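One letter stands for each residue in the lines below.
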Amino acid sequence: MPQPMVNSLAFRTCSAHSPLSKRTSDAEPNFPRRWRLPLQQSVLKLSKPLLFTAVAVWLATGQAMAQSAGNAYRAEIVLLERIVAPEDVEEQMANRRVQPQPELPSQLVVTDANGNSHSTLRLVPKHEMTLSRAADRLVNSGRYKVLMTAGWYQSFPPNYNGQPMQVAVGDWLPEAGMREVEGTITIDRQRFLHVGVELNHWQPMPQTSQPQQTELQTGQPESVAAMASGGELQGAGSIEIMDEPQLNAELLTWIRETRRMRSEEIHFLDSPTIGVLVLFKKIGG
């Protein structure tokens, strides 16, 4: 059966004037030819400053991220207490005039009267810390117990001046209204990282307390740090001190020390009854 003839010219004409074709052509701007070149030039003039600004922001952001990555560390701190009877501590600091640390906005670990611990840092789980294994070795020696573990990620750029971070851990002393170990730990960086420790170790006030002059016995920090890495604890040294009056609680010992830190090395700052393990692990490049 013969097929009907289709008028191709009529079909094209109808297609060209279809509603769909009309809508498509109407959506396109129909600028006169004489306007097109000045319009393109205006768009280019407006886009160049925006492009330069975007590139500058991108470069600055990349540089800041690279610098931050180069100064990123995981800081780890473990606070330990030596297992020793207070009467066996030869250092006598009961009469020193030392005021407990007031509350600070920056808190490393602070445990309140109800036993709730708080920190203003985002602490990592204990099992992720390198120092948790070192602390376990010291605990297994039978001579230490752990009072606090804290690890967190932070950037420490050159000329970083850290704020003192409050610490309050250990047993609660109800008559004094504070924890037995309290004070601050501060991290600074000039060319190298430095950690400053100011911690007080308190005990309940006895019925009588007589000022005395005596020698304090201290463990060797290097030997304890070596023991934390798997070595043995060595001998002790001594210094002579004088005592001054103190109220509410009796000062047993303290730590007042600032130490330069080398990353990837375990450092130990101590007194006859408490010690602080510190480790900085550099992150990335």
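Residues numbered from 1 in each chain as written. Predicted model: local features only at pLDDT ≥ 70, side-chain atom pairs only at ≥ 80, totals over all residues. Heavy atoms only, no water.

**Student:** For this particular structure, what's the right way to read unusual backbone geometry?
**Tutor:** Leaving glycine aside, a negative phi is the common case for residues, and trans is the common case for peptide bonds. Despite not being glycine, Asn159 has its phi angle at roughly 65 degrees, a positive value. With respect to the helices and strands, Asn159 occurs in the loop between strand E4 (144-155) and strand E5 (160-161). Asn159 sits in the exposed class, given a relative accessible area of 55%. Despite not being glycine, Glu264 shows a phi value in the positive range, around 70 degrees. Relative to the helices and strands, Glu264 is located in the loop between strand E11 (249-261) and strand E12 (267-270). Taking the relative accessible area as the measure of exposure, Glu264 reaches 43% and is therefore partly exposed. (Helix = DSSP H or I, 4+ residues; strand = E, 2+ residues; numbered from the N terminus. Buried < 20%, exposed > 50% of the residue type's maximum accessible area, 1.4 Å probe, protein only.)

**Student:** Would you mind going over the nonpolar core with me for this structure?
**Tutor:** Across soluble globular proteins, nonpolar side chains show a tendency to be buried alongside one another. Leu79, Leu108, Trp152 and Phe280 are the most contacted members of the largest nonpolar core, which totals 28 residues. Not counting the four nearest positions on each side in its chain, Trp152 is found in contact with Tyr73, Arg74, Ala75, Ile77, Leu108, Leu121, Arg122, Leu123, Val124, Met165 and Ile187. Counting 12 residues, the second-largest nonpolar core is a separate cluster that includes Val124, Ala134, Phe268 and Leu277. (Core = buried A, V, L, I, M, F, W, Y, C linked by side-chain atoms within 4.5 Å. Contact = heavy atoms within 4.5 Å.)

**Student:** Even after reading the chapter, I still don't get the pairing of strand E8 (residues 193-204), so can you show me in this structure?
**Tutor:** Sheet faces and side chains relate simply in a regular strand, where the side chains alternate between the two faces. For E8, the buried fraction is high: nine of the 12 residues fall into the buried class. Sheet topology note: the strand E7 (residues 178-189)/E8 ladder contains nine bridges and is antiparallel. Following the sheet pairing, Thr186 is matched in E8 by Gly196. Pairing between E8 and E11: 12 bridges, direction antiparallel. Bridge assignment links Val195 to a residue of E11, and that residue is Arg259. (Pairing = 2+ DSSP bridges.)

**Student:** Even after reading the chapter, I still don't get the environment of Val276, so can you show me in this structure?
**Tutor:** By the secondary structure assignment, Val276 is in strand E13 (residues 274-282). Not counting residues up to four positions away in its chain, the partners in contact with Val276 are Ile77, Val78, Leu79, Val197, Leu199, Ile255, His267, Phe268 and Leu269.

**Student:** For this particular structure, what's the right way to read the sheet that holds E4?
**Tutor:** Sheet strands pair by backbone hydrogen bonding; their relative direction is either parallel or antiparallel. In space, the four strands of this open sheet follow the order E4-E1-E13-E12, with antiparallel pairing throughout. Only two strands of the sheet have a single neighbouring strand rather than two, namely E4 and E12. Ignoring which end each strand starts from, the neighbouring axes of this sheet average 20 degrees apart. (Axes fitted to C-alpha atoms, helices over the stretch in contact; angles between N-to-C directions.)

**Student:** Any chance you could explain helix H4 (residues 131-140) here in plain terms?
**Tutor:** Every α-helical turn comprises 3.6 residues, leaving residues that sit three or four positions apart pointing alike. Of all the residues in H4, the buried ones are Leu131, Ser132, Ala134, Ala135 and Leu138. Taken around the axis of H4, the buried residues stretch over an arc of 160 degrees, which confines them to a single face. Immediately downstream of H4, the backbone of Gly142 shows phi near 85 degrees, a positive value. (Arc of directions from axis to C-beta.)

**Student:** Help me understand the pattern of salt bridges in this model?
**Tutor:** Should their charged atoms come close, side chains of opposite charge can pair. Per the stated rule, a full pass over the model turns up five salt bridges. Here Arg82 and Asp270 are joined by a salt bridge, their closest N and O atoms 3.1 Å apart. Here the residue Arg82 occupies a position in strand E1 (residues 72-82), and Asp270 occupies one in strand E12, the gap between them amounting to 188 residues. Using a relative accessible area of 11% as the deciding quantity, one classes Asp270 as buried. Here Lys281 ties to Glu264 by a salt bridge, and the two come within 3.1 Å at their closest N and O atoms. One end of the pair, Lys281, is in strand E13; the other, Glu264, is in the loop between E11 and E12, and 17 residues separate them in sequence. Take Lys281: its relative accessible area is 23%, and that puts it in the partly exposed class. (Salt bridge = Lys/Arg side-chain N within 4 Å of Asp/Glu carboxyl O.)

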